[in-house]
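If you want the building blocks of each chain, they are given just below.
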Amino acid sequence: MSSHGEIHDDVVLAAAEVSLRLGATQALDQVSVAVRKGECVAVVGPSGCGKSTLLHVLAGLLRPDSGSVAMKGRRIDNSSDAERSRLRLRHFGFVFQFGDLVPELSLWENVALPLRLAGTGYQEARNAAYLALEGLDIADLGERRPGQVSGGQLQRAAIARATAHRPVVVFADEPTGALDSKAGALVLERLLDAAASYHAAVVLVTHDPAIAAAATRVVQMRDGGLVADGNAVVA
Ligand SMILES: Nc1ncnc2c1ncn2[C@@H]1O[C@H](COP(=O)(O)OP(=O)(O)OP(=O)(O)O)[C@@H](O)[C@H]1O
């Protein structure tokens, strides 16, 4: 039995005392954090404090040097690269600042891509993609390529792609960074709505206090460690 066995059922993702050295930097130092179903955890702190590294470790993109990461009580940090890729495709969604949609594919094909890679059939993936685009009010742009839509529409397509397969956790690293604050708040609202519609948890890295205020919980980092973990003041 892992050390996560006793954790409450609502915990979908838990890091226990994770440490990771990157080059000469102790990027993570004994960090423990649990993410519960349906909550939005904002990870904040000064540049270089380890926010993105924590997100990457929680998402199974990086392996910690020590400590453990578990999804729904099952260790993921010590599984093979192939297993972690499969897990990410099926159970996690990602939204990054500089959107990484494939330029040669239409928006709906981009949204369907994680589903197709996870083995979903063409028609089912297409339907799920259009449903997600519909939810973000851009179904009419489904046939366009990323180069043929605005920045805000691109962000919405990225949210559709991150949520169409109904992941357990959506990871967002500065998802609103390239937008002005009004557009940024709207994008975040859409992300939280999309996640809330099926109780997905959101782990959000941001340097923007206004964005963090929309989260249900704020985790503050400094020098690779957590310095605060508590409820956000909801504006
Ligand atoms: N591949 C790497 N090799 C060496 N050091 C790294 C590497 N990646 C990150 N670091 C260092 O690890 C620390 C944590 O980086 P990380 O990107 O997690 O910080 P962050 O809080 O997300 O920063 P920012 O807000 O500026 O994006 C930083 O000091 C960074 O310079």
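Residues numbered from 1 in each chain as written. Predicted model: local features only at pLDDT ≥ 70, side-chain atom pairs only at ≥ 80, totals over all residues. Heavy atoms only, no water.

Let us look at the pairing of strand β3 (residues 40-44). Of all the five residues making up β3, five are buried; the element is thus mostly covered by neighbouring parts of the structure. Of the two faces of β3, the one lined by C40, A42 and V44 and the one lined by V41 and V43 are each fully buried. Across four bridges, β3 lies against strand β8 (residues 201-205) in parallel orientation. Opposite C40, over in β8, you have V202 as the bridge partner. Inspection of the sheet shows β3 paired to strand β9 (residues 217-222) by four bridges, in the parallel sense. Residue V44 lies in a different strand from β9, and its bridge partner there is Q220. (Buried < 20%, exposed > 50% of the residue type's maximum accessible area, 1.4 Å probe, protein only. Helix = DSSP H or I, 4+ residues; strand = E, 2+ residues; numbered from the N terminus. Pairing = 2+ DSSP bridges.)

What follows covers helix α2 (residues 81-91). Within α2, the full set of buried residues consists of R84, L87 and R88. Across the axial projection of α2, the buried residues extend over an arc of 100 degrees, all falling on one side. Structurally, α2 contributes buried residues whose contacts are with β4 (66-71), β5 (74-75) and β6 (92-96). (Arc of directions from axis to C-beta. Contact = heavy atoms within 4.5 Å.)

Quick look at the site of the ligand now. Lining the immediate environment of the ligand, one finds L22, G23, T25, A27, P46, S47, G48, C49, G50, K51, S52 and T53. Contact between the ligand and S52: an oxygen atom at 2.9 Å from a main-chain N or O atom of the residue. Contact with the protein chains hides 56% of the accessible area of the ligand, taken as 640 Å² for the molecule alone. Here the shell around the ligand takes three residues from helix α1 (residues 51-58), the largest share from any one element. (Near = heavy atom within 4 Å. Polar contact = N/O pair within 3.5 Å; in protein donor to acceptor, adjacent residues only side chain to side chain. Areas by Shrake-Rupley, 256 points an atom, 1.4 Å probe, with all protein chains shown as cover.)

Our next topic: the packing of aromatic side chains. Ring pairs (aromatic) are described by centroid distance and by the angle formed between their planes. One pass over the full model with this rule turns up five aromatic pairs. Plain terms: the ring middles of F94 and F96 are 5.9 Å apart, the flat faces sit at 20 degrees to each other, and that makes the pair stacked. When its relative accessible area of 16% is taken as the criterion, F94 is described as buried. Look at F96 and you get partly exposed, because its relative accessible area is 22%. In textbook terms, an aromatic cluster arises when at least three aromatic residues are bridged by ring pairs, as seen for F92, F94, F96 and F171. (Phe/Tyr/Trp six-rings, centres within 6.5 Å; stacked < 30°, edge-to-face > 60°.)

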